[in-house]
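If you want the building blocks of each chain, they are given just below.
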Amino acid sequence: MCARKIQMPREVYIGPGVVHETGEICSSLKLFKDIVLVTGNNTYDIAAKPTISSLEEYDFNIDIVKVHEASFDSVNEVKELTTENSTVIGIGGGKVIDVAKLASFDENAYFVSMPTAASHDGMLSPQASIKDSKKATSVKAHAPIAVIGDSEIIANAPPRLLSAGCADLISNFTAIKDWKLAHRLKHDSYSSSAASLSLMSAKLITDNAENIKPGLEESARLVIKSLFSSGMAISIAGSSRPASGSEHKFSHALDLINEKSGLHGEQCGIGTILMMNVYGGDWEFIRDSLKAVGAPTTAKELGVSDDDIIEALTLAHTIRPERYTILGDNGFSKDAAYEIAIKTGVI
Ligand SMILES: NC(=O)C1=CN([C@@H]2O[C@H](COP(=O)(O)OP(=O)(O)OC[C@H]3O[C@@H](n4cnc5c(N)ncnc54)[C@H](OP(=O)(O)O)[C@@H]3O)[C@@H](O)[C@H]2O)C=CC1
Ligand SMILES: O=C(CO)COP(=O)(O)O
Ligand SMILES: [Zn+2]
């Protein structure tokens, strides 16, 4: 078959208190009664507990797995409890959702995505970002059958998570530049509709940056919808290309150097300042937009050392070398990394 498959979620529910309707939603979709509920330490109390109560009202049987990292070990832990007659529900941030997504895909089970924060654009994409000790990979998985986003929970999440989601979207500006470059220089396949959707998602944030405030349901809705449309761009492209370029390579490199670095979106935001400078683009606009949404723009604000930034810059090209970006095959020299990081005020 030469047709390319584009996967989208069948149903998307978003609204305050929708978590309490999970049982009804899963029942109406006729999902399997054996639930594997994947969550994290913080999100268990906030979102998993009310979800469990709602599912129990509809006689679902529930196994619970708490995961702490998006690793293949965590995926295997979930797979041990999952069969093709299970429904896997991922309730939490991006790591939990990626683990639930890949485990359900591998076991041919249903997948329901329940984001608890507007911190990343993976909640409905069919890709899963999985990290192991020395590698960051984007693995093909599947789109959720349903997304259940409780806007009250999302709006009340720590403000840093909302800023990180905005920064993950702002990073689409350099991701698209890299994608176009790879298309021109390496003949990588390119989709102008996916690229447009990705850029529109980023622009929704920069156009409204001054009005995006933590704690406001309206802001949570705006950011979550932009994250959904960015995820749809990933679906159309069939890869994370429209939302992940050199700035994401920088962020993944930073994760490998310093396990206690910042949030994914925060790191990608700083990567976007740096890479936009390399492109000769308006990096000050990126920096100011990040500031406006409350995201960090310096190593100090991110909580990492200047040395970590330099090392991540010099290593970034080694992450997923098959994905061509402005970093080319050889990446930054140490001197060039210092120059760019100082010039942009990142260090
Ligand atoms: N597949 C894809 O297409 C994409 C994947 N990603 C991936 O997503 C991950 C980043 O996601 P991100 O969400 O930033 O990071 P995490 O999943 O690590 O979540 C960050 C923290 O926020 C906590 N949290 C989440 N929601 C709430 C809430 N409502 N209240 C209080 N705390 C909360 C989590 O708690 P807890 O301890 O409960 O987990 C966790 O400690 C990365 O691994 C990245 O690679 C990013 C973009 C796209
Ligand atoms: O984070 C992503 C988009 O925001 C995509 O993730 P990868 O960089 O892991 O492909
Ligand atoms: Zn990202």
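From a predicted model like this one, the values you see are computed outputs, not experimental measurements.

Definitions and cut-offs
- Residues numbered from 1 in each chain as written.
- Chains lettered and ligands numbered in written order.
- Predicted model: local features only at pLDDT ≥ 70, side-chain atom pairs only at ≥ 80, totals over all residues.
- Heavy atoms only, no water.
- Near = heavy atom within 4 Å.
- Polar contact = N/O pair within 3.5 Å; in protein donor to acceptor, adjacent residues only side chain to side chain.
- Areas by Shrake-Rupley, 256 points an atom, 1.4 Å probe, with all protein chains shown as cover.
- Nonpolar A, V, L, I, M, F, W, Y, C, P; charged D, E, K, R; others polar.
- Domains from an automatic or database assignment.
- Helix = DSSP H or I, 4+ residues; strand = E, 2+ residues; numbered from the N terminus.
- UniProt positions renumbered as here; feature names shortened; annotations may be inferred.
- Buried < 20%, exposed > 50% of the residue type's maximum accessible area, 1.4 Å probe, protein only.
- Contact = heavy atoms within 4.5 Å.
- 1 Å grid on protein atoms, 1.4 Å probe; cavity = no way out; pocket = protein on both sides within 12 Å on 5 of 7 lines; lining within 4 Å.
- Points joined across faces, edges and corners; volume = space filled by probe spheres on them.

Draft legend 1. Geometry of the site of ligand 2. Taken together, the neighbourhood of ligand 2 is formed by Asp121, Ser129, Ser138, Asp168, Ser240, Ala243, Ser244, His248, His252, His264 and Arg320. Within the side chain of aspartate 121, a nitrogen or oxygen atom sits 2.7 Å from an oxygen atom of ligand 2. At a separation of 2.6 Å, an oxygen atom of ligand 2 approaches a polar side-chain atom of serine 244. For ligand 2, the protein covers 95% of the area, taking 300 Å² as the surface of the free molecule. Residue composition of the shell around ligand 2, grouped by class: one nonpolar, seven polar and three charged. Domain assignment of the residues forming the shell around ligand 2 places at least three in each of domain 1 (11–155) and domain 2 (159–343).

Draft legend 2. Up close: the site of ligand 1. The environment of ligand 1 is made up of 29 residues, and the closest members are Thr43, Asp98, Thr116, Ser119 and Gln127. Isolated, ligand 1 exposes 950 Å² of accessible area, and the fraction of that covered by the protein chains is 87%. Looking at the shell around ligand 1, the elements that each hand over two or more residues are helix 2 (41–57), helix 4 (94–106), strand 6 (127–132) and helix 6 (159–170). Among the residues forming the shell around ligand 1, the class breakdown is nine nonpolar, 14 polar and six charged. The residues that make up the shell around ligand 1 include at least three from each of domain 1 (11–155) and domain 2 (159–343).

Draft legend 3. Quick look at the UniProt feature "binding site: substrate" (unreviewed entry) in the protein. This chain's UniProt record puts "binding site: substrate" (unreviewed entry) on Asp121, Asp168 and His252. With respect to the secondary-structure elements, aspartate 121 resides in the loop between strand 5 (110–115) and strand 6. Overall, aspartate 121 belongs to the buried group, its relative accessible area being 7%. Ignoring sequence-local partners within four residues, the contact set of aspartate 121 consists of Asp168, Asn172, Leu227, Ser230, Gly231, Ile234 and Ala243. With respect to the helices and strands, the residue aspartate 168 is situated in helix 6. Overall, aspartate 168 belongs to the buried group, its relative accessible area being 0%. When sequence neighbours within four positions are dropped, the list of residues in contact with aspartate 168 reads Ser119, His120, Asp121, His248, His264, Gly265 and Cys268. In this structure the side chain of aspartate 168 is engaged in a polar contact, spanning 3.1 Å, whose partner is the side chain of histidine 248.

Draft legend 4. Focus on empty space enclosed by the protein. Counted by the stated rule, this structure contains one cavity of 30 Å³ or more. There is about 40 Å³ of room inside the largest cavity. In terms of lining residues, the largest cavity is bounded by Ile154, Ala155, Ala157, Pro158, Pro159, Leu162, Pro214, Gly215 and Ala220. Of all elements in the fold, only helix 5 (151–155) and helix 6 reach the threshold of two or more residues within the lining of the largest cavity. The residue makeup of the lining of the largest cavity, split by class, is eight nonpolar, one polar and no charged.

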